[in-house]
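Each chain, letter by letter, is given below.
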Amino acid sequence: MKYALNNGARIEASKGTRGTCPCCGSELIARCGDIKIHHWAHKSSCDPWWETETEWHRLWKNRYPPKWQEFLTLDEETGERHIADVKTEADLIIEFQHSAIDPQERLQRERHYKNLIWVVDGTRLKRDFKRFSNQYNELIKTNKPGIFLIDHDEGIFNKSWLTSSVPVIFDFKGINPTDGDHDIRNSLYCLLQIKLGRYSIIAEFSREAFIKSTINGTWSIHIQNFINAISPKKAPDSHQNQTNPTKPKDGSHFFDPKSGKWKRRTRW
Ligand SMILES: [Zn+2]
């Protein structure tokens, strides 16, 4: 953990300091070696959901105000306590996930936190970005810039996240440099939890826009606007009998959910 309690204050680990866990109250050990990021360690962790922090994890957390980081949450019904990576003033929980996660635990965490977004380290498995970049050109553009549909989302993202009940954001850049401004890893890709017919919905945005909107509290409004713009109940495959029944292959058209038709692209 980044923070421990010391005389009621949250302090970071440094050599020779002492602190206790804000969740269970046990004494923590300051780990300040040269290789791993400095952190506080339990003799054995009290929060089964806690994962050893990577540099990626810590960098993401540090983009938010310190008092939002490592936020202690309590389920009043069950008495369960967990430390969320970030809780914003708008009561949005952001969990940064580097390791693989068991589907059952993922679901438990979604239920406990409710208003949650996952940010997933898409660099842990090389094949995850390979799969994504192979499918990137298959994303179907919509009338809303930055919003795409995809048929067969199992072909584009790691399958352990496909049935999530909350938005999942994939960060394929991680802490690595990219190949310039046009590298698709500069953006974040958010798999929304709702579908349009058989199509999954993906929102692409910059990490700056994501951080800004989660800090200023407009994230939920943005997501709702995305969903409203895209979801007038008509999926591309529900129009087999119309004049424009299938997706033109040459990228000259986009799908307009308002009319339920493919339209000729005028900008892009
Ligand atoms: Zn503890």
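What you see is a predicted model, and the numbers here were worked out from it, not measured in a lab.

Those residues of helix 4 (residues 207–216) that fall on the buried side of the exposure criterion are Arg207, Phe210, Ile211, Ser213 and Thr214. Among the residues trailing helix 4, Gly217 stands out with phi positive, at a value near 85°.

Two faces make up the sheet, and in a regular strand the side chains alternate between them. Of all 7 residues making up strand 7 (residues 81–87), 5 are buried, and the element is well covered by its neighbours. Note that strand 6 (residues 69–74) and strand 7 share 5 bridges and pair antiparallel. Bridge pairing in strand 7 links Thr73 to His82. Where strand 6 hands over to strand 7, the hairpin turn is made up of 6 residues, of which Gly79 adopts a positive phi near 80°. What sits between strand 7 and strand 8 (residues 93–97) in their antiparallel hairpin is a turn of 5 residues, with Asp91 showing a positive phi close to 65°.

Time to look at the UniProt feature "domain: Competence protein CoiA-like N-terminal" (unreviewed entry) in the chain. Taken from the UniProt record, the annotation "domain: Competence protein CoiA-like N-terminal" (unreviewed entry) applies to residues 20–46. Segment residues 20–46 splits into 0% helix and 33% strand. End C-alpha atoms: 12 Å apart.

Within the structure shown, the criterion is met by 17 aromatic pairs. Ring plane angle 50° and centroid distance 5.5 Å describe the contact between Phe129 and Phe172, whose orientation is recorded as tilted. Here Phe129 is found in helix 3 (residues 126–135), whereas its partner Phe172 is found in the loop between strand 12 (168–171) and strand 13 (187–196), with 43 residues between them in sequence. Of the two residues examined, Phe129 and Phe172, each falls in the buried class. On the basis of an interplanar angle of 20° and a centroid distance of 5.7 Å, the ring pair of Phe132 and Phe157 is categorised as stacked. Of this pair, Phe132 sits in helix 3 while Phe157 sits in the loop between strand 11 (147–150) and strand 12, and the two are 25 residues apart along the sequence. Considered together, Phe132 and Phe157 belong to a single accessibility category, that of buried residues. Site record: aromatic cluster; members linked through ring pairs are Phe129, Phe132, Tyr136, Phe157, Phe170, Phe172 and Tyr189. In this structure, Arg10 packs its charged tip against the face of Tyr3, placed 4.1 Å from the ring centre.

Turning to the state of the cysteines, a few remarks are in order. Applying the stated criterion across every chain, the model contains 0 disulfides. Between Cys23, a free cysteine, and Cys46, which holds the nearest cysteine sulfur, the sulfur-to-sulfur gap is 4.0 Å. Relative accessible area serves as the criterion here: at 8%, Cys23 is assigned to the buried category.

Moving on to the coordination of the zinc ion. Distances from the zinc ion to its protein donors, Cys21 (SG), Cys24 (SG), His42 (NE2) and Cys46 (SG), fall at 2.1 to 2.3 Å. One can describe the site at the zinc ion as tetrahedral: its 4 donor atoms subtend angles covering 101 to 114° at the metal. Taken in chain order, the donor set of the zinc ion reads C-x2-C-x17-H-x3-C. A residue pair is termed long-range when its members are at least 10 positions apart, and Cys21 in the loop between strand 3 (19–20) and strand 4 (27–31) and Cys46 in the loop between strand 5 (39–41) and helix 1 (55–61) qualify at 25 residues.

Our next topic: helix 3. For helix 3, the complete set of buried residues consists of Asp128, Phe129 and Phe132. One face of helix 3 carries all of its buried residues, which in axial projection span an arc of 90°. Summarising the geometry of helix 3, the exposed residues directed more than 90 degrees from the buried face are Lys126, Arg127, Lys130 and Asn134. The elements touched by buried residues of helix 3 are strand 13.

So, how was this worked out
Residues numbered from 1 in each chain as written. Predicted model: local features only at pLDDT ≥ 70, side-chain atom pairs only at ≥ 80, totals over all residues. Heavy atoms only, no water. Buried < 20%, exposed > 50% of the residue type's maximum accessible area, 1.4 Å probe, protein only. Helix = DSSP H or I, 4+ residues; strand = E, 2+ residues; numbered from the N terminus. Pairing = 2+ DSSP bridges. UniProt positions renumbered as here; feature names shortened; annotations may be inferred. Phe/Tyr/Trp six-rings, centres within 6.5 Å; stacked < 30°, edge-to-face > 60°. Lys NZ or Arg CZ within 6 Å of the ring centre and 35° of its normal. Disulfide = S-S within 2.5 Å. Donors = N, O, S within 2.8 Å, 3.2 Å for Na, K, Ca; no water. Tetrahedral: all angles 85-135°; square planar, octahedral: opposite > 155°, others 65-115°. Arc of directions from axis to C-beta. Contact = heavy atoms within 4.5 Å.

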